[in-house]
Amino acid sequence: MSGVIDKRTSHHHQISSLWNRETSWGHARCFGDHLEGNCLLPRNALSSRQISSTTVSLHQEIGMPSLSPTMTQGNIAKWRKREGDQVAPGDVLCEIETDKATLEMEAMEEGFLAKILCGDGSKDIPVGQPIAIVVESEEEIAEFKDYKVAAGGASSSSPPKKEAALKEEAPKDESAKSSSNQSAPELPKSEQTVSANDRVFASPAARKIAEENNVSLTNLQGSGTAVAPQKPSEKPIQSLDFTDIPNTQIRRITAQRLLLSKQTIPHYYLTVDTQVDSLLALRSKLNNLQEASSGKRISINDFVLKAAAMALRKVPECNSSWNDDYIRQFHNVNISVAVQTDFGLLVPVVRDADKKGLAAIADDVKTLADKAKKNSLKPTDYEGGTFTVSNLGGPFGVKQFCAIINPPQACILAVGTTDKRVVRDLDGGFTTSTYMSVTLSCDHRVVDGAIGARWLGAFKSYIEDPVTLIL
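Residues numbered from 1 in each chain as written. Predicted model: local features only at pLDDT ≥ 70, side-chain atom pairs only at ≥ 80, totals over all residues. Heavy atoms only, no water.

Enquirer: When you look at a nonpolar patch on the surface in this model, what are you seeing that I'm missing?
Expert: On the surface, a cluster of nonpolar side chains totalling about 330 Å² of accessible area is made up of V467, I470 and L471. Checked against the element boundaries, L471 lands in the segment after helix 10 (449–464). For L471, a relative accessible area of 82% translates into the label exposed. (Patch = residues over 30% accessible without salt bridge, like charges linked within 9 Å, V, L, I, M, F, W, Y side chains within 5 Å. Areas by Shrake-Rupley, 256 points an atom, 1.4 Å probe, with all protein chains shown as cover. Salt bridge = Lys/Arg side-chain N within 4 Å of Asp/Glu carboxyl O. Helix = DSSP H or I, 4+ residues; strand = E, 2+ residues; numbered from the N terminus. Buried < 20%, exposed > 50% of the residue type's maximum accessible area, 1.4 Å probe, protein only.)

Below, the structure is given as structure tokens:
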């Protein structure tokens with residue numbers, strides 16, 4: 001009973017942790033982007049066994065794990081085990097809601113869940129903060145009935161003494177305050193208006209009138225204009241009917257990142273119209289072949305992803321991110337795809353999209369979208385994107401929009417719907433063509449206007465001559 005393992009299901013992301021009982025550091029096998037291999041876990045992430053006092057037995061504090069490089073806090077969605085339950089390797093302890101997905105935390109060895117420190121629905125638990133106590137024997141459970149974790153994550157089995165001491169001293173302070181008030185009787189009201197040197201503050205005109213009428217200003221009291229009390233509104237404001245919908249962790253993190261993006265990234269926007277008649281014709285032919293081979297249908301968005309990836313190879317400056325000391329230009333072309341779900345906006349990643357064919361991209365998008373809607377994405381599914389595509393045209397019929405950059409990326413492409421337009425033909429007459437508007441949002445620190453325009457030119461050429469995408 002020396003560790004825990006976190007995962008969604010048997011086919012989801014797994015993180016296993018092992019550590020020594022004698023030390024506060026251990027080795028972990030972390031699966032995911034750039035985390036594979038042996039790594040050290042700090043004590044506050046998953047703490048080792050400890051003895052707090054003579055009244056508390058040897059026990060294990062289980063901390064909120066860090067399940068992704070961007071995770072700083074998490075929520076407890078639901079505990080699967082209750083206090084006093086015996087746990088065995090593979091038993092699911094609880095469900096943890098991160099900024100990207102909901103994962104299950106499993107026990108690795110046998111023991112008993114002695115105390116749950118953060119119950120169902122607990123929110124914003126910092127990574128490393130203890131969430132439960134596990135012991136070896138059932139007899140030790142009762143010792144942790146009143147177990148608490150003090151501020152800063154330190155555990156405690158007895159109430160702080162400082163608070164009790166303050167409560168004992170409170171009556172003395174009250175009596176001292178009372179005696180102090182009795183020793184300072186209130187002055188008569190007429191004397192309060194006179195300063196220590198009996199000076200009376202009055203205008204020269206008032207002094208002259210008082211002198212002419214033999215009236216002492218010292219004994220006079222002011223008679224200002226009385227202010228009529230405000231009458232309450234006769235017609236009370238009609239109460240509003242509303243429902244408060246709690247924000248999911250995904251929505252909260254998305255909101256923070258988008259706000260940070262708009263506040264710190266100097267956005268600018270470039271829009272072009274692309275003619276997609278040739279693309280639609282090629283798509284129809286390819287889908288006939290896909291249906292014959294029981295493959296997934298290819299969407300216009302799949303063409304967009306492939307064209308964006310190829311354009312990034314031609315103009316790699318757009319495949320970059322900003323740092324204060326340098327601009328990092330990525331060699332991998334990983335396209336993040338915005339997917340709307342009931343949990344919020346998710347952006348799974350199609351990796352090496354420039355090296356994949358349209359059918360492979362269609363397979364990836366379908367699989368990732370299904371996992372996103374089930375809230376079962378693994379960190380490897382959503383980390384490492386270098387460029388984002390957001391399409392509101394196909395699903396929602398939006399003609400054109402400007403998307404917010406997904407940091408730390410430097411660009412995002414907003415794709416509108418297709419619409420037929422009347423245009424002049426080569427013979428001077430008129431015909432109809434299908435167009436699609438796209439808008440590129442750029443980080444001006446990384447991508448200058450001319451570079452953004454060059455990227456859009458490359459993208460437009462691939463979309464309007466789609467055969468070049470399969471060469």
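This is not the end of the story, as more comes after the structure.
Enquirer: Quick question: what am I supposed to make of the pairing of strand 7 (residues 73–79) here?
Expert: Both faces of the sheet carry side chains from a regular strand, because those side chains alternate between them. With 2 bridges joining them, strand 7 and strand 12 (residues 125–126) adopt antiparallel strand pairing. Residue pairing across strands places G74 opposite I125, the latter belonging to strand 12. (Pairing = 2+ DSSP bridges.)

Enquirer: Could you clarify how one ought to interpret the sheet that holds strand 24 (residues 411–424) in this entry?
Expert: Note: strands within a sheet are paired through backbone hydrogen bonds, in either parallel or antiparallel orientation. Strand order in the open sheet made by the 6 strands is 16-25-24-23-19-22, with mixed pairing throughout. Single-partner strands in this sheet number two, and they are strand 16 (267–275) and strand 22 (349–350). In this structure, strand 23 (residues 387–391) lies alongside strand 24, joined through 4 bridges in parallel fashion. Of the residues in strand 24, the one forming a bridge with N391 is V415. Contacting strand 19 (335–337), strand 23, strand 24 and strand 25 (430–443), helix 6 (residues 300–314) runs over the sheet at an angle of about 155° to strand 23. (Contact = heavy atoms within 4.5 Å. Axes fitted to C-alpha atoms, helices over the stretch in contact; angles between N-to-C directions.)

Enquirer: Please explain the side chain of N391 as it appears in this structure.
Expert: With respect to the element layout, N391 can be found in strand 23. At 2.9 Å, the side chain of N391 and the side chain of N301 are in polar contact. At 2.9 Å, the side chain of N391 and the backbone nitrogen of G393 are in polar contact. (Polar contact = N/O pair within 3.5 Å; in protein donor to acceptor, adjacent residues only side chain to side chain.)

Enquirer: Teacher, can you tell me more about the nonpolar core here?
Expert: Residues I335, F387, V389, L413, V447, W455 and F459 are the most contacted members of the largest nonpolar core, which totals 53 residues. Counting only elements with at least two residues in this core, the list comes to helix 5 (277–292), helix 6, strand 19, helix 7 (358–373), strand 23, strand 24, strand 25 and helix 10. Sequence-distant contacts of F387, defined by excluding residues within four places in its chain, comprise A308, L312, C318, N319, N334, I335, S336, Q409, C411, L413, L440 and W455. In terms of nonpolar packing, the next biggest core, distinct from the first, is built from 20 residues, I76, W79, C94 and V134 among them. (Core = buried A, V, L, I, M, F, W, Y, C linked by side-chain atoms within 4.5 Å.)

Enquirer: Just checking my understanding: could you explain helix 5 for this structure?
Expert: A turn of α-helix holds 3.6 residues, and therefore any two residues three or four places apart point the same way. In a regular helix each residue adds 1.5 Å, so 16 residues correspond to 22 Å; helix 5 covers 23 Å between its end C-alpha atoms and thus fits that length. For helix 5, the full list of buried residues reads L279, L282, L286, N287 and Q290. Along the axis of helix 5, the buried positions cluster into a sector of 140°, meaning they face one direction only. Residues of helix 5 that are exposed and point over 90 degrees away from its buried face: K285, N288 and A292. Of the surrounding elements, those touching the buried residues of helix 5 are helix 6, helix 7 and helix 10. (Expected span 1.5 Å × (residues − 1). Arc of directions from axis to C-beta.)

Enquirer: Any chance you could explain the packing of aromatic side chains here in plain terms?
Expert: Here a ring pair, both rings aromatic, is described through the centre-centre distance and the interplanar angle of the planes. As enumerated under the stated definition, the model contains 3 aromatic pairs in all. Where F144 meets Y147, the ring centres are 5.3 Å apart and the plane angle is 50°; that geometry is what we call tilted. Both residues of the pair, F144 and Y147, count as buried. When the ring of W455 is compared with that of F459, the centres are 5.4 Å apart and the planes differ by 10°; the resulting orientation is stacked. Within this pair, W455 and its partner F459 are both found in helix 10, separated by 4 residues, close to a single helical turn. (Phe/Tyr/Trp six-rings, centres within 6.5 Å; stacked < 30°, edge-to-face > 60°.)

Enquirer: Explanation requested: the packing of helix 6 against helix 10 in the structure shown.
Expert: When two helices pack together, their arrangement is captured by the angle between the axes and the distance separating the axes. Running from N to C, helix 6 and helix 10 cross one another at 135°; their axes reach a closest spacing of 8 Å. On the basis of the axis angle, helix 6 is oblique to helix 10. Of the two elements, helix 6 crosses helix 10, and the hand of that crossing is right-handed. Each of F303, V304, A307, A308, M310, A311, L312 and K314 in helix 6 lies in contact with helix 10, whose residues at this interface are W455, A458, F459, Y462 and I463. By residue class, the composition of the contact of helix 6 with helix 10 is 12 nonpolar, no polar and 1 charged. (Parallel < 35°, antiparallel > 145°, perpendicular 65-115°, else oblique. Left-handed = near helix turned anticlockwise from the far one by under 90°. Nonpolar A, V, L, I, M, F, W, Y, C, P; charged D, E, K, R; others polar.)

Enquirer: Explanation requested: the pattern of salt bridges in the structure shown.
Expert: Close approach of charged atoms allows side chains of opposite charge to pair. Scanning the model with the defined rule gives 15 salt bridges in all. R80 is the salt-bridge partner of E95, the closest N and O atoms lying 2.6 Å from each other. Highlighted residues: E95 in strand 9 (residues 92–97) and R80 in the loop between strand 7 and strand 8 (86–87), separated in sequence by 15 residues. For E95, a relative accessible area of 17% translates into the label buried. By relative accessible area, R80 is classed as partly exposed at 38%. Of the charged contacts, one joins R252 and D124 as a salt bridge, the two residues approaching to 2.9 Å between their closest N and O atoms. With R252 in helix 4 (residues 249–264) and D124 in the loop between strand 11 (111–116) and strand 12, this pair connects stretches of sequence that are 128 residues apart. Members of the salt-bridge network, linked through shared partners, are R80, E95 and E104.

Enquirer: I'm lost on the layout of surface pockets in this one. Help?
Expert: Rolled over the atoms, a probe sized like a water molecule indicates the empty space that remains. Taken as a whole, the largest pocket encloses approximately 1,100 Å³ of empty space. Put simply, the parts of the chain that give the lining of the largest pocket at least two residues each are helix 4, helix 6, strand 20 (339–341), strand 21 (344–346), helix 7, strand 23, helix 9 (393–396) and strand 24. With 6 residues, helix 7 is the single largest residue contributor to the lining of the largest pocket. Split by residue class, the lining of the largest pocket holds 25 nonpolar, 13 polar and 9 charged. The volume enclosed by the second largest pocket comes to roughly 850 Å³. Within the residue set of the lining of the second largest pocket, elements represented by two or more residues are helix 4 and strand 17 (320–322). Among the elements that make up the lining of the second largest pocket, the one with the highest residue count is helix 4 (6 residues). A per-class count over the lining of the second largest pocket returns 11 nonpolar, 16 polar and 8 charged. (1 Å grid on protein atoms, 1.4 Å probe; cavity = no way out; pocket = protein on both sides within 12 Å on 5 of 7 lines; lining within 4 Å. Points joined across faces, edges and corners; volume = space filled by probe spheres on them.)

Enquirer: Could you clarify how one ought to interpret unusual backbone geometry in this entry?
Expert: Backbone geometry follows two general trends: most residues other than glycine have a negative phi, and most peptide bonds adopt the trans configuration. Across the junction of P407 and P408, the peptide omega takes the value 10°, indicating a cis bond. Within the secondary structure, P408 is located in the loop between helix 9 and strand 24. Positioned with a positive phi, S294 is a non-glycine residue whose angle comes to about 60°. In this structure, S294 sits in the loop between helix 5 and helix 6. The exposure class assigned to S294 is exposed, which follows from its relative accessible area of 72%. Phi angles above zero are rare outside glycine, and N375 is one such case at about 55°. Mapped onto the secondary structure, N375 falls in the loop between helix 7 and helix 8 (379–382). Of the residues examined, N375 reaches a relative accessible area of 5% and is grouped as buried.

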